[in-house]
Amino acid sequence: MKRICIVGISGKLGQYMVEHALARGYEVNGVCRPESVGKLDRFAGRITIHPGRTDDRAVIAKATEGCDGVLVVLAPWGVQDYASGTARAVLDLAPPAARLVFSCGWHISRDGRDRYGWKIRAIVAIGGPILRALRLVDLDDQVRATDLVFASSRDWTVVRGSDLEEGESEGLPVWARHVGDPILASNLTRRTDFALFMVAALTDPALIREAPAITGRNGASVRANAPQVTGAVQARQ
Ligand SMILES: NC(=O)c1ccc[n+]([C@@H]2O[C@H](COP(=O)([O-])OP(=O)(O)OC[C@H]3O[C@@H](n4cnc5c(N)ncnc54)[C@H](OP(=O)(O)O)[C@@H]3O)[C@@H](O)[C@H]2O)c1
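Sequence order sets the numbering: in each chain, residues are counted from 1 along the sequence as written. Reporting of local features is limited, given that this is a predicted model, to residues whose pLDDT is at least 70; pairs of side-chain atoms are given and counted only at 80 or more, and all residues count toward the totals for whole chains, interfaces and linings.

(A) Examining the site of the ligand more closely. A residue counts as near a molecule or strand when its C-beta atom, positioned from the backbone, falls within 6 Å of it. If you check the shell around the ligand, you find 22 residues, and the closest are Gly8, Ser10, Gly11, Ser36 and Gly161. Residue assignment for the shell around the ligand shows that the elements contributing at least two residues are helix 1 (12-23) and strand 5 (99-105). The class makeup of the residues in the shell around the ligand is 9 nonpolar, 8 polar and 5 charged. Note on conventions: DSSP H or I runs of at least 4 residues are helices, E runs of at least 2 residues are strands, and numbering of each starts at the N terminus. Residues are grouped as follows: Ala, Val, Leu, Ile, Met, Phe, Trp, Tyr, Cys and Pro are nonpolar; Asp, Glu, Lys and Arg are charged; all remaining types, including Gly, are polar.

Rendered as structure tokens:
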């Protein structure tokens, strides 16, 4: 892995991914809205920014040119298919051999076998329609985006984040194939470690065409269910 592109680079997750990617010695391209370029000033001279909407196909084609990997923040802003347009552009236009890693939340289900607690169900059932009515966020658009990814024959990973918090890194999160696995019950990941998992996925063949649901490795549910966790990503059915 030599050069990567981060689509949605100026957000909180995006900036953490820049730090981890630069620490690995990767050359970093990035796409963000023109009004957000200033948020990346601290990386000036170390990354190449392509200003534009993340669903702008011309911008994605240019920004991902020559990249071995693409990290994509799927954000369902507005009601004009921003997340699914972003996913479609990356799937269609990133170099054929590139590893593609997408972010989303636990509410995304690949096979319908996830078991959700009341909080996520309430957010999706009550918060989703309200946010959409206000034309702020369309949670279904993130579902459409990940459905496009799941149907793709490309080398993708969809990383499903738990609730997030700020703070120092605790190391690589653990993961399971399904929400509802007891190991995930703590449901809390440091945002920097979500980013770490995204960047680590680029070079982890075991994560190709997987949709890992992650949680922080220091959570009580991890200690109770996988006391042997040491440094490797913990895969669970
Ligand atoms: N927040 C959580 O608790 C949580 C939990 C689980 C998973 N996730 C997932 O984690 C990823 C990052 O989420 P985050 O909450 O941490 O946010 P974030 O990293 O700050 O990312 C938000 C992204 O959305 C863009 N954005 C913000 N407002 C926008 C607008 N009006 N129109 C277009 N783009 C806009 C931001 O770009 P600008 O810099 O240009 O504003 C940025 O790229 C997402 O895939 C999310 O589904 C989040």
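(B) View of helix 6 (residues 191-201). Here a residue counts as buried when 20 or more other C-beta atoms sit within 10 Å of its C-beta, as exposed when there are 12 or fewer, and as partly exposed otherwise, the C-beta atoms being derived from the backbone. Among the 11 residues of helix 6, 9 are classified as buried, and the element is accordingly described as predominantly covered. Those residues of helix 6 that sit buried are Thr192, Asp193, Phe194, Ala195, Leu196, Phe197, Met198, Val199 and Ala201.

(C) Broad picture of the packing of helix 1 against helix 6. Comment: axis = line fitted to C-alpha atoms, over the contacting stretch for helices; angle = value between 0 and 180 degrees taken between N-to-C directions. At their nearest, the axes of helix 1 and helix 6 sit 8 Å apart, and the two run at 60 degrees to each other. Compared by their axis directions, helix 1 and helix 6 come out oblique. The hand of the helix 1/helix 6 crossing is right-handed. Along its contact with helix 1, which presents Lys12, Leu13, Tyr16, Met17, His20 and Ala21, the element helix 6 presents Arg191, Thr192, Phe194, Ala195, Leu196, Met198 and Val199. Just so you know how the angles are binned, under 35 degrees is roughly parallel, over 145 roughly antiparallel, 65 to 115 roughly perpendicular, and the rest oblique. By definition, any crossing whose near helix is turned counterclockwise from its far helix by less than a right angle is left-handed, and any crossing with a clockwise turn is right-handed. By the convention adopted here, residues make contact when the C-beta atoms placed from their backbones lie within 7 Å.

(D) Looking closely at helix 5 (residues 139-150). Multiply 1.5 Å by the residue count of a helix minus one, and that product is the helix's expected span. Taking 1.5 Å per residue as the helical rise, helix 5 with its 12 residues ought to reach 16 Å, and the 17 Å between its terminal C-alpha atoms agrees with that figure. When helix 5 is considered as a whole, its buried residues turn out to be Asp141, Gln142, Ala145, Thr146, Leu148 and Val149. Here the buried residues of helix 5 occupy an arc of 150 degrees about the axis, which is enough to place them on one side. Its buried side turned inward, helix 5 meets helix 3 (82-93), strand 5 and strand 6 (156-161). Directions pointing from the helix axis toward each C-beta atom define the arc.

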